[in-house]
Structures are given as C-alpha cells and as structure tokens.
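# Structure assessment
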Amino acid sequence: MKNIVAPSLLSSDFSRIKEESERLNASAAQWFHLDVMDGVFVPNISFGLPIIEAFRKHTTKVLDVHAMIANPDPYINDFKSVGADILTVHYEACTHLHRTVDAIKKAGMKAGVALNPHTPVSLLMEIIHDVDMVLIMSVNPGFGGQKFIEHSVKKVRAVKAMIDEFAPDVLIEVDGGVTVENAPRLVAAGAQALVAGSTVYKSADPLKTIKALGNA
Ligand code: DX5
Ligand code: ZN
C-alpha cells in the first residue's frame, strides 16, 4: 500500500477490544488511531490511558494517539508507558509547544502537531523542523462521522510545500471525514497517512476499504 491507513478506533466496539484488534491486525492498516478527548478542549469525552493500554496488549502495530486534551504535558510519560508510539498534540492546546514536542521525543515517541480547521498552516513555520508529523484536521475535532471540509486539501498542499522546503522528513496525516472518494485528492496534495473512522467501520467490507484507502 502506498499510503498509511490509520483506522480510528473511536468508531469501534470497546467491549470487544481483543476481537477488534485481531481484525485490524489481519488488515493492511499500519497504524491504530486512538482519539483521546477530555470534554474541555473538545466538546466530547472519549477514553483515556486504560483503553490505549488494552489495545496495546493485542497489537504490535503502531499506536497513533491523537490527544484532543487541553493540557497534555502532565500525561506525556503516561502515554508512553501505556504503549503510544506517536503522540499528536494540538497546536491550539499547547502554550509552550516547543517544550511539549521536545518532551514527547525525549519520552521516546514520535511527535505530531495537529491543526484545527481554522488554524493557518503558516503558524507551523517555527516548529516544523522539530516535529515528526503534522496532522491536518479536516473536521472540527470531537466527533466521528462528520462531513469533510474541502478546504483541507489546500491546507495539505500548503503544509507539503513547507515540508518540502524546510523539513523533508515530516509526515502529513489527515483526520476527519476521509472517504475512498476524497482520499486520492488528499494523497495528491501530499497526505501520507489517512485516518478513517466511519468510512472503515460503516463499510460492508472494512478490510477491503482499508486497502482502497491505502492505494488511493
Ligand atoms: C475526530 C477524530 C477522528 C474521528 C474520525 O475528532 O479526531 O479521528 O474518529 O472519524 P471519521 O473518519 O468518521 O470522521
Ligand atoms: Zn483523530
């Protein structure tokens, strides 16, 4: 597969974590995307450290943790100890983003920075060299199943141009409303990792849908 596919476990059945993991282990998905929501930074509460730890017990795939929480700093080492491989924090949630990114890397994880739909790509200029990944939110964070914001394609293109010029190893991930229909446009714009919740979980054949996203 040419693109990384990261199914969002927010849409999965938490009473069947073992079965869910086994199903995805047998799929072409390279990452598990785990959405942590605190009811403060976003208007929803999802799950926290114990659920990440439970998925960790049943997979060796990359755990891609998306922290939609107001103050991630006190929990960085906890995310590492429950098995996160990538920890993405929000630009809008971190007053001292450079310090946070540094702490994530020092804890032994890859560091991602996410941008909400209204946050300009240009704000990444002074941090792009320090991150491993940029996550472009293509919906307002908080819920699965929302409609894709088309302007996100332009943002992916803008962040790709910045990365090509200043930090060529940084990955681009897109999250929110990703479908088999819009994935080719996102990949053409520079996205390398596609998060997909409802597209995978509502599909008649999730494994086939994961493959289609990976080859978009
Ligand atoms: C939204 C989350 C997403 C969500 C994606 O705030 O960050 O990861 O689960 O779900 P879909 O693919 O249904 O938009
Ligand atoms: Zn997410």
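In what follows, the structure referred to is the one given above.
Throughout what follows, the structure given in this document is the object of discussion. (Residues numbered from 1 in each chain as written. Chains lettered and ligands numbered in written order. Predicted model: local features only at pLDDT ≥ 70, side-chain atom pairs only at ≥ 80, totals over all residues. Heavy atoms only, no water.)

## Here we look at the coordination of the zinc ion (ligand 2)
The criterion, for reference: Only nitrogen, oxygen and sulfur atoms qualify as donors, and only when within 2.8 Å of the metal (3.2 Å in the case of Na, K and Ca); with water excluded, sites may look incomplete. Between 85 and 135 degrees for all angles marks four donors as tetrahedral; over 155 degrees for opposite donors together with 65 to 115 for all other angles marks four donors as square planar and six as octahedral; every other arrangement is irregular.
Only His 33 (NE2), Asp 35 (OD), His 66 (ND1) and Asp 175 (OD) from the protein reach the zinc ion (ligand 2) as donors, at distances of 2.0 to 2.3 Å. Here the zinc ion (ligand 2) is ringed by six donor atoms whose angles at the metal span 71 to 169°, and the overall shape comes out octahedral.

## Re the site of ligand 1
Short version of the rule: Consider each residue's heavy atoms; a residue with any of them within 4 Å of a molecule or strand counts as near. N or O atoms within 3.5 Å of each other form a polar contact, as long as, within protein, one can give a hydrogen and the other can take it, and as long as residues adjacent in sequence are counted only when both atoms are side-chain atoms. Computed with a 1.4 Å probe, the accessible areas rest on the Shrake-Rupley method; for each residue, only the protein chains presented here act as cover. Only DSSP runs of H or I with at least four residues qualify as helices, and only runs of E with at least two residues qualify as strands; both kinds are numbered from the N terminus onward. By the convention adopted, Pro, Cys, Tyr, Trp, Phe, Met, Ile, Leu, Val and Ala count as nonpolar, Lys, Arg, Asp and Glu as charged, and the other residues, Gly among them, as polar.
The environment of ligand 1 is made up of 20 residues, and the closest members are Ser 8, Gly 142, Asp 175, Gly 197 and Ser 198. Within the contact set of ligand 1, an oxygen atom lies 3.4 Å away from a side-chain nitrogen or oxygen of His 33. Backbone polar atom of Gly 197 to an oxygen atom of ligand 1: 2.8 Å apart, as the coordinates give it. Contact with the protein chains hides 100% of the accessible area of ligand 1, taken as 380 Å² for the molecule alone. Mapped by element, the contributors of at least two residues to the shell around ligand 1 are strand E2 (31–37), strand E3 (62–68) and strand E8 (193–196). Classifying every residue of the shell around ligand 1 by side-chain character gives eight nonpolar, ten polar and two charged.

## Quick notes on the nonpolar core
Keep this limit in mind: Here, the term nonpolar core denotes a set of buried Ala, Val, Leu, Ile, Met, Phe, Trp, Tyr and Cys residues that are joined through side-chain atoms within 4.5 Å. Buried residues are those whose accessible area, probed at 1.4 Å on protein chains only, stays under 20% of the maximum for their type, while exposed residues exceed 50% and partly exposed ones sit between those limits. Contact criterion: two residues are considered in contact whenever any of their non-hydrogen atoms come within 4.5 Å of each other.
The biggest cluster of nonpolar side chains holds 60 residues, and the ones touching the most others in it are Ile 52, Phe 79 and Leu 186. For this core, the leading source of residues is helix H5 (residues 152–166), giving five residues. Not counting residues within four places of it along the chain, the set of residues in contact with Leu 186 comprises Phe 148, Val 153, Val 156, Val 174, Val 178, Ala 191 and Leu 194.

## Describing the packing of aromatic side chains
Worth spelling out the cut-off: Aromatic contacts are taken between Phe, Tyr and Trp rings whose centres are within 6.5 Å, Trp giving its six-membered ring; a plane angle under 30 degrees counts as stacked, one over 60 as edge-to-face, and the others as tilted.
Evaluation of the coordinates by the stated rule reveals three aromatic pairs. Aromatic side chains Phe 14 and Phe 47 sit 5.3 Å apart centroid to centroid with 70° between the ring planes, which places their arrangement in the edge-to-face category. With Phe 14 in the loop between strand E1 (4–7) and helix H1 (17–25) and Phe 47 in the loop between E2 and helix H2 (49–57), the pair connects residues that are 33 residues apart, well separated along the chain. Relative accessible area serves as the criterion here: at 9%, Phe 47 is assigned to the buried category. Plain terms: the ring middles of Phe 32 and Phe 55 are 6.3 Å apart, the flat faces sit at 85° to each other, and that makes the pair edge-to-face. One end of the pair, Phe 32, is in strand E2; the other, Phe 55, is in helix H2, and 23 residues separate them in sequence. Across this residue pair, the class does not change: Phe 32 and Phe 55 are buried. Joined through ring pairs, the aromatic side chains of Phe 14, Phe 32, Phe 47 and Phe 55 make up one cluster.

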